[in-house]
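The primary structure of each chain is shown beneath.
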Amino acid sequence: MEYRIEKDTMGEVKVPADKLWGAQTERSRNNFKIGPSASMPLEIVYGFAYLKKAAAFTNCELGVLSEEKRDLIATVCDEILAGKHDNQFPLVIWQTGSGTQSNMNVNEVIANRAHQLAGHTIGEGEKTLQPNDDVNKSQSSNDTFPTGMHIAIYKKIIENTLPGISQLHKTLKKKSEEFKEVVKIGRTHLMDATPLTLGQEFSGYASQLEHGLTALQNTLPHLSELALGGTAVGTGINTPKGYDQKVASYIADFTDLPFISAENKFEALAAHDALVETHGALKQLAVSLNKIAHDIRMLASGPRSGIGEITIPANEPGSSIMPGKVNPTQCEALTMVCAQVIGNDVTLSVGGMQGHFELNVFKPVMAANVIQSAELLGDACVSFDEHCAQGIEPNHDVIERQLKNSLMLVTALNTKIGYYKAAEIANTAHKNGTTLKEEAVNLGYLTEEEFDKWVRPEDMVGH
């Protein structure tokens, strides 16, 4: 492999000749060989591209950067956003807690690519753009990284998470209407309870997701506040007057999203409560989805020796040894995603505590975990919807058989003969393996006509 020499404040470093990054990126690549599979998410790199372009336009407008340099920075940023340089960002999450190396990685790539665009060879002659003085002008890693991660996470939630969950919510709501006349036995403590309709059961699932969607949407205003302009500690040192408001406005224009400048930059750098809040809503959704997926796989269990009250699509063979076995694979995939998200929430909670004085130093891991959770939930909901939820159907024969066989229908007699006599009927029927009707008549508490009149499952599901 051929190398070229790059320099930074600590001296010379050999960099692969075919790469756009520079000395600081290479130092980080060599110093943090920790889990190379855990690369810095490209969503954050793209967030940086938006903010670097916005900073260049703002600096130019405020008279501290030339139009020529602005346009070079903007051109490279557009190339990055188009995915043309994805392989130029090799750093891992496990680096400095401020994300300084990733900030410099972006600065160096922009500077070196701009040198190429200006007609020069990387490593030869004076750089057309200086990574720190031009690309990073009016910025610090301490305010660029939180800005980049807010942009990345906001976009991920808007473009991936909310649409995916909304799609599944729509299906569950539709199923609740389709199944509203299907009376079935209810269950509490995993034991038989009084009846409800399958539609009512599914309406609970739809309501859970509706509340989760609302909670996630409510985090967006806090997430839209950007730290850029705070520089190193929140005072805005080395930024021209009005920079923070203008740069946020440019980012909003470039992303077509309602980003604003954070009112308090000290909070924006030192605390990442917005990420903790956002992930809290993602965790809430994971808890809801876990319940929904588990219920559906248990309701579909069998097909002959389980509950079997609903059928779900048979997507693939379920066993390498048992012919004809089909498993609830979408339910299992979704619940594994939920487990990952709930685990990620622990990382967010711990990360949120690491704001010491003027800087939180867990930025990369916090951002990466929120992005992973947001993407997983959105993707998993679409998969579950398309390959499971849309194909759910009631198994009417099983539902009717289990409904008629339930001892908890005796609850309808509480107001007619009292709790204790009703309990005696149920306990006797269970002991003798007989029906409620048989024992009600045998015990002399009811006639057959009275039983048929009062014990009607369809009358026990509410109004």
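If you're wondering where the values come from, they're calculated on a predicted model, not measured in any experiment.

Regarding the environment of Ala412
And step 1. Mapped onto the elements, Ala412 comes out in the loop between helix H14 (396-405) and helix H15 (414-417).
And step 2. With relative accessibility at 17%, the residue Ala412 sits in the buried group.
And step 3. Linking Ala412 and Trp454, residues 42 residues apart in sequence, is a C-alpha distance of 6.7 Å.
And step 4. If we skip the residues at most four places from it in the chain, Ala412 touches Trp454, Val455 and Met460.

A short note on empty space enclosed by the protein
And step 1. This structure, assessed with the given rule, holds 3 cavities of 30 Å³ or more.
And step 2. Considered as a void within the structure, the largest cavity measures approximately 110 Å³ in volume.
And step 3. Along its surface, the largest cavity is lined by 13 residues, and His150, Glu225, Ala268, Ala271 and Ala274 are the ones closest to its centre.
And step 4. For the lining of the largest cavity, the elements supplying multiple residues, two or more each, are helix H6 (141-178), strand S5 (225-226), helix H10 (265-270) and helix H11 (273-299).
And step 5. Across the lining of the largest cavity, the residue classes break down as 7 nonpolar, 3 polar and 3 charged.
And step 6. Space inside the second largest cavity adds up to approximately 50 Å³.
And step 7. Along its surface, the second largest cavity is lined by Ile312, Pro313, Asn315, Glu316, Asn327, Pro328, Thr329, Gln330, Cys331, His387 and Cys388.
And step 8. Partitioning the lining of the second largest cavity into residue classes produces 5 nonpolar, 5 polar and 1 charged.

Remarks on the packing of aromatic side chains
Centre-to-centre distance and the angle between the planes together describe a pair of aromatic rings.
And step 1. One pass over the structure, following the stated rule, counts 8 aromatic pairs.
And step 2. Both rings, one in Phe48 and one in Phe145, keep their centres 5.8 Å apart while their planes meet at 65°; by these two values the pair is edge-to-face. Separated by 97 residues along the polypeptide, Phe48 in helix H2 (residues 42-61) and Phe145 in helix H6 bring together distant segments of the chain.
And step 3. Geometry around Tyr3 places Lys14 over its ring, the cationic atom sitting 4.9 Å from the centre.
And step 4. Note that Lys53 overlies the ring of Phe254, its terminal NZ or CZ placed 4.5 Å from the centroid.

A word on the pairing of strand S3 (residues 183-188)
And step 1. Inspection of the sheet shows S3 paired to strand S4 (residues 191-197) by 6 bridges, in the antiparallel sense. The partner of Lys184 across the bridge, within S4, is Leu196.
And step 2. The hairpin turn running from S3 into S4, its antiparallel successor, is 2 residues long, and His189 in that turn takes a positive phi close to 60°.

How each quantity is defined
- Residues numbered from 1 in each chain as written.
- Predicted model: local features only at pLDDT ≥ 70, side-chain atom pairs only at ≥ 80, totals over all residues.
- Heavy atoms only, no water.
- Helix = DSSP H or I, 4+ residues; strand = E, 2+ residues; numbered from the N terminus.
- Buried < 20%, exposed > 50% of the residue type's maximum accessible area, 1.4 Å probe, protein only.
- Contact = heavy atoms within 4.5 Å.
- 1 Å grid on protein atoms, 1.4 Å probe; cavity = no way out; pocket = protein on both sides within 12 Å on 5 of 7 lines; lining within 4 Å.
- Points joined across faces, edges and corners; volume = space filled by probe spheres on them.
- Nonpolar A, V, L, I, M, F, W, Y, C, P; charged D, E, K, R; others polar.
- Phe/Tyr/Trp six-rings, centres within 6.5 Å; stacked < 30°, edge-to-face > 60°.
- Lys NZ or Arg CZ within 6 Å of the ring centre and 35° of its normal.
- Pairing = 2+ DSSP bridges.

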